[in-house]
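Structural overview
These are the residues of each chain, in order.
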Amino acid sequence: MARSLFDKLWDAHVVVPESEDSPAILFIDLHLIHEVTSPQAFAVLEERGLPVRRPDLTQATLDHSTPTLPPGPDGRLPYATEDAEKQVHQLEANCAKHGIDLLGLDDPRRGIVHVVGPELALTQPGKTIVCGDSHTSTHGAFGALAFGIGTTEVGHVLATQCILQRKPKSMRITFEGELSPGVGAKDMALAMIAQIGADGGQGYAVEFAGPAVEALSMEARMTLCNMAIEAGARVGMVAPDDTTFAYLEGRERAPQGEAWDAAVARWRELPSDRDAQFDSEVRVDAAAIRPMITFGVSPDAAAPVTGNAPRPANDSEREAAEYMRFAADRPFAEAKVDRVFIGSCTNSRMADLREAAEVMRGRKVADGVIALIVPGSEAIRQQAEAEGLHTVFAEAGAEWRMPGCSMCIAMNGDQGAPGELVVSTSNRNFVGRQGKGVRTVLAGPATAAASAIAGHIADPSQYLGTEARDAA
Amino acid sequence: MQPEPFNRLEARTLVVRQSNIDTDQIIPARFLTTTTREGLGKSAFYDWRYTEDDQPKNASPFPVAGAGDRQVLVAGANFGCGSSREHAPWALLDYGFRAVISSDIADIFKSNALKNGLLPVEVDQRTHAALLERPGIRIVIDLESCTLETEDDIRAQFTVEPFARRCLLDGVDPLGHIVAHEEAIAAYEAAAA
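Right, let's walk through the structure included here.

The rules behind the values
Residues numbered from 1 in each chain as written. Chains lettered and ligands numbered in written order. Predicted model: local features only at pLDDT ≥ 70, side-chain atom pairs only at ≥ 80, totals over all residues. Heavy atoms only, no water. Pairing = 2+ DSSP bridges. Helix = DSSP H or I, 4+ residues; strand = E, 2+ residues; numbered from the N terminus. Axes fitted to C-alpha atoms, helices over the stretch in contact; angles between N-to-C directions. 1 Å grid on protein atoms, 1.4 Å probe; cavity = no way out; pocket = protein on both sides within 12 Å on 5 of 7 lines; lining within 4 Å. Points joined across faces, edges and corners; volume = space filled by probe spheres on them. Nonpolar A, V, L, I, M, F, W, Y, C, P; charged D, E, K, R; others polar. Domains from an automatic or database assignment. Buried < 20%, exposed > 50% of the residue type's maximum accessible area, 1.4 Å probe, protein only. Arc of directions from axis to C-beta. Contact = heavy atoms within 4.5 Å. Polar contact = N/O pair within 3.5 Å; in protein donor to acceptor, adjacent residues only side chain to side chain. Disulfide = S-S within 2.5 Å. Buried area = accessible area lost by both parts, 1.4 Å probe. Salt bridge = Lys/Arg side-chain N within 4 Å of Asp/Glu carboxyl O.

1. Digging into the sheet that holds strand 6 (residues 128-131) of chain A
Residue and element names in this part refer to chain A. Strand order in the open sheet made by the 5 strands is 5-4-3-6-7, with parallel pairing throughout. Whereas interior strands pair on both sides, the edge strands pair on one side only; in this sheet they are strand 5 (101-103) and strand 7 (145-148). Put simply, the sheet's adjacent strands are angled 20 degrees from each other on average, direction ignored. Looking at chain direction, strand 3 (residues 30-33) and strand 4 (residues 58-61) are connected through 3 bridges and run parallel. Opposite histidine 31, over in strand 4, you have threonine 58 as the bridge partner.

2. Some details on empty space enclosed by the protein
Residues and elements named next belong to chain A. Tallied over the full model, the rule gives 4 cavities of 30 Å³ or more. Taken as a whole, the largest cavity spans an internal volume of roughly 220 Å³. As for the largest cavity, its lining consists of 24 residues, of which His64, Asp133, His135, Ile409 and Arg433 are closest to the centre. Considering only residue class, the lining of the largest cavity consists of 8 nonpolar, 11 polar and 5 charged. When residues are assigned to domains, the lining of the largest cavity turns out to be shared by domain 1 (5-165) and domain 2 (291-463), each giving three or more.

3. Considering helix 13 (residues 378-386) of chain A
Residue and element names in this part refer to chain A. The set of residues buried in helix 13 consists of Glu378, Ile380, Arg381 and Ala384. The buried residues of helix 13 all sit within an arc of 160 degrees when viewed along its axis, so they share a single face. Of the surrounding secondary structure, the elements contacted by the buried residues of helix 13 are helix 4 (113-119), helix 12 (350-360), helix 14 (389-396) and strand 17 (399-400). Backbone nitrogen of alanine 379 and a side-chain oxygen of the N-cap are separated by 3.4 Å at the start of helix 13; the cap is serine 377.

4. Quick notes on the pairing of strand 19 (residues 439-442) of chain A
Residues and elements named next belong to chain A. With burial as the criterion, each face of strand 19 is covered, one bearing Arg439 and Val441 and the other bearing Thr440 and Leu442. Taken together, the 4 bridges between strand 18 (residues 421-424) and strand 19 define a ladder with parallel strand orientation. Looking at strand 19, one finds that valine 423 is bridged to valine 441.

5. A look at the state of the cysteines
One pass over the full model with this rule turns up 0 disulfides over all chains. The closest cysteine sulfur to the non-disulfide-bonded A:Cys405 is located on A:Cys345, 6.7 Å from its own sulfur. B:Cys81 forms no disulfide, and the closest cysteine sulfur to it belongs to A:Cys408, at a distance of 14 Å. A relative accessible area of 9% means that B:Cys81 is categorised as buried.

6. Quick word on the interface of chain B and chain A
The interface of chain B with chain A comprises 55 residues on the first partner and 62 residues on the second. A buried area of about 4800 Å², summed over both sides, lies between chain B and chain A, and 54% of it is on carbon and sulfur atoms. For the interface between chain B and chain A, the tally reads 8 salt bridges. Taking the shortest distance from any N to any O, the salt bridge between B:Lys115 and A:Glu153 comes out at 3.4 Å. Linking chain B to chain A there are 27 residue pairs in polar contact (both at pLDDT 80 or more). Counting only elements with at least two residues in the side of chain B that touches chain A, the list comes to helix 1 (23-26), helix 3 (87-95), helix 4 (107-114), helix 6 (162-170), helix 7 (174-179) and helix 8 (182-192) of chain B. A breakdown of the residues in the side of chain B that touches chain A according to their chemical character gives 17 nonpolar, 20 polar and 18 charged.

And the structure:
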């Protein structure tokens, strides 16, 4: 029988099949953990006297609570609170006790969990990957079955390397046609979410397909899969191909030599069979997508940046419009920007930083605008500095920081002030997500950078050449 | 840690009509630096309950003191979307809720809620609309029969994933269930090696 990528990934990891009474027991190939959602899981192991079953399949990093400013004169990192620092030390202690590899604060490989997994090639096609973080869908870009879990499940995986799971339904979202120049993966994601809704993918594992997806770089595919959860889908994935293999080859944890050839041969079997059936099929017109922003407090409230704010159609939309202070029928470009954040597991990779730098090069951040640029990992920070991007940002008047989740989740002290309008390359525009009372506008890196320069929400095309992005 | 068994709940409802109530609303991220799961009720819907300078808001739908006898939260569609933080059900339980009713509840939140004894109840659109119109109404939710009934005779059936239901009704331990399949796990590992 013809099987989809998702069917193949699922079938290969069933330890005990699903029955009417019980979910399947699935084996997990890679468990990523971080400081925020793991302490209570380790506490459960402690209570029950259980060891970590497979520390060799567990990778820890520090990203959510960590400062992005360097240590002060006393050599201490400027943690937002004592609790934040305690949480970091708790993960260090838990990893030491259980023999888990931790990308610690001094590790040149440290970074955001969904950035470093792929960078180290821990993320590979065919794997099951879980993490106590909803943006684990990012790893699906490699043809992995990757999804976010809660802390109780983190405990289950630590103790058994397995998880209880009912097989979700399957959805294929096909992007037909080619992207226009200056349109990127973030715009695809926002357009897709606007089309199907913030709960349109609920209960589904999504495969992104079509020529516009095949043409994307791995970094762009990660951006797209990252946002699957914003459409309600825990899983977003792309079939592995030569682009995938070229990204992984030679990286730290990629198979080497003959093992590499054997792995690639296996991975080539993963893409969905021609006649594979999906429970739901969605088509998105890629050629019609324009640079997008969000104007509400849910990621599906998205529209082209060159447009006008729509009229609210119900109470929820009216409340969102009041919070965001967008006047109906007025151009988005009239909205003054206070702060810009370029970073997060959605858009903090080299391609994103180069895109932002292209806009900012030789220009100045508008008066009164604070622009924060936070690389996704130490490796990215070093590469960007080797390319001189930090100088481009500094000369433009933007702040260049240490890697971490930073203003995406705003729990490390990086945040906006009440009432501020923040154009952000992160993934959530929820009320107060980036600080109490902060109004978040989601966008791609070029749009965010353009808005920093213009001082108001801005179409990036005026600052960019006409070369297509995300094609490399 | 095993949740309290859940069988039958008789309580009043607390209604918030907004759709897409995300887990950042349920508990803002700045409260996630905790390393325990206790005492999060004070942070539940914090920015809905308190002003920017931490004063109680008069107009909040959420009482400062906790849910009291309004143990059933009725909310708009797509409740619990966003982050996977299990702190969300921990906070709602500690605040005093035992069940959440909506027309659809986000996948990860639903899974987290079930593991902690906070019953997520998804009902049809008509029942949902009727419940949204009747804040404070008395309601009985019966997990054994998977039915709910209000004092003015709104009746509805709902479904709960059978294993999670058994865990809640009979105190079955999900981790124990996985551990009991040790042989199969070891065999899978041996075959994969």
